Amino acid sequence: MDVLINAFVALHIVGIAALLGGFMTQMKAMGEGTARFGPAMLHGALTMLVTGVVLVGLNQADDQTVNNVKIGVKLAILVVILGLVYVKRDEERVDKAVFGAVGGLTMANIFIATLWT
């Protein structure tokens, strides 16, 4: 079970990397007002959602304790990120505030995952 859990943790990190990497590569464009959400950002957020749900299930199946409040907060943040990216994915330009919010919420999710014990 540990190998399976670790494989999904790795896939979860790949999703985070796609979402955050897509944001970081567009930071200069965000400053110029020409940033847009790329397909990698949408797929990264979806990967995070699917692997996160699977990880909760696998950990509960393995009789490990799961902090449901932490998972709920992370899920709520991810749903907001996913909603913003999905709705604005076809626009040529995304408002700086919306684009920055996605980056900030992604960072918040990372810090919650690592610092909330």
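Just so we're clear, the structure is a prediction, and the values are computed from it rather than from any experiment.

Caption draft 1: Focus on the packing of helix α4 (residues 68-88) against helix α5 (residues 96-115). One way to put it is that α4 packs onto α5 with a least axis distance of 10 Å and a crossing angle of 155°. As judged from the angle between their axes, α4 and α5 are roughly antiparallel. Seen from above, α4 lies across α5 with left-handed handedness. Of the residues in α5, those touching α4 at Lys70, Val73, Lys74, Ile77, Leu78, Val80, Ile81, Leu84, Val85 and Lys88 are Val98, Val102, Leu105, Thr106, Asn109, Ile112 and Ala113. Partitioned by chemical class, the residues of the contact of α4 with α5 number twelve nonpolar, two polar and three charged.

Caption draft 2: View of the environment of alanine 101. As for its position among the elements, alanine 101 is in helix α5. Take alanine 101: its relative accessible area is 31%, and that puts it in the partly exposed class. As a C-alpha pair, alanine 101 and isoleucine 81 span 20 residues in sequence and 8.2 Å in three-dimensional space.

Caption draft 3: Examining the packing of aromatic side chains more closely. Following the criterion strictly, the structure yields two aromatic pairs and no others. Relative to phenylalanine 99, the ring of phenylalanine 23 lies with its centre 5.2 Å away and its plane at 25°, an arrangement referred to as stacked. One end of the pair, phenylalanine 23, is in helix α1 (residues 2-25); the other, phenylalanine 99, is in helix α5, and 76 residues separate them in sequence. A relative accessible area of 0% places phenylalanine 99 in the buried class. Judged by centre distance (5.1 Å) and plane angle (25°), the rings of phenylalanine 37 and phenylalanine 99 are stacked. In this pair, phenylalanine 37 sits in the loop between α2 (27-32) and α3 (39-61) while phenylalanine 99 sits in helix α5, placing the two residues 62 residues apart along the sequence. With relative accessibility at 2%, the residue phenylalanine 37 sits in the buried group. Each residue in the set Phe23, Phe37 and Phe99 is aromatic and connected to the rest through ring pairs, giving one cluster.

Caption draft 4: Summary view of the layout of surface pockets. One number sums up the size of the largest pocket: a volume of about 640 Å³. Lining the largest pocket are 24 residues, with His12, Gly52, Leu55, Ile71 and Lys74 positioned closest to its centre. Those elements that place two or more of their residues in the lining of the largest pocket are α1, α3, α4 and α5. Here the lining of the largest pocket takes seven residues from α3, the largest share from any one element. Residues of the lining of the largest pocket, tallied by class, amount to 14 nonpolar, eight polar and two charged.

Caption draft 5: Quick look at α4. An ideal rise of 1.5 Å per residue puts 30 Å on 21 residues; α4 measures up with 30 Å between its terminal C-alpha atoms. Every buried residue of α4 is listed here: Lys70, Lys74, Ile77, Leu78, Ile81, Leu82 and Val85. All buried residues of α4 fall inside an arc of 140° around its axis, so they share one side. Exposed and oriented more than 90 degrees from the buried face of α4 are Asn68, Val69 and Val87. Between the side-chain oxygen of the N-cap and the backbone nitrogen of valine 69 there are 3.3 Å, and the N-cap of α4 in question is asparagine 67.

Thresholds, definitions, all that
- Residues numbered from 1 in each chain as written.
- Predicted model: local features only at pLDDT ≥ 70, side-chain atom pairs only at ≥ 80, totals over all residues.
- Heavy atoms only, no water.
- Axes fitted to C-alpha atoms, helices over the stretch in contact; angles between N-to-C directions.
- Helix = DSSP H or I, 4+ residues; strand = E, 2+ residues; numbered from the N terminus.
- Parallel < 35°, antiparallel > 145°, perpendicular 65-115°, else oblique.
- Left-handed = near helix turned anticlockwise from the far one by under 90°.
- Contact = heavy atoms within 4.5 Å.
- Nonpolar A, V, L, I, M, F, W, Y, C, P; charged D, E, K, R; others polar.
- Buried < 20%, exposed > 50% of the residue type's maximum accessible area, 1.4 Å probe, protein only.
- Phe/Tyr/Trp six-rings, centres within 6.5 Å; stacked < 30°, edge-to-face > 60°.
- 1 Å grid on protein atoms, 1.4 Å probe; cavity = no way out; pocket = protein on both sides within 12 Å on 5 of 7 lines; lining within 4 Å.
- Points joined across faces, edges and corners; volume = space filled by probe spheres on them.
- Expected span 1.5 Å × (residues − 1).
- Arc of directions from axis to C-beta.
- Polar contact = N/O pair within 3.5 Å; in protein donor to acceptor, adjacent residues only side chain to side chain.

Coordinates in, geometry out; function isn't part of it.
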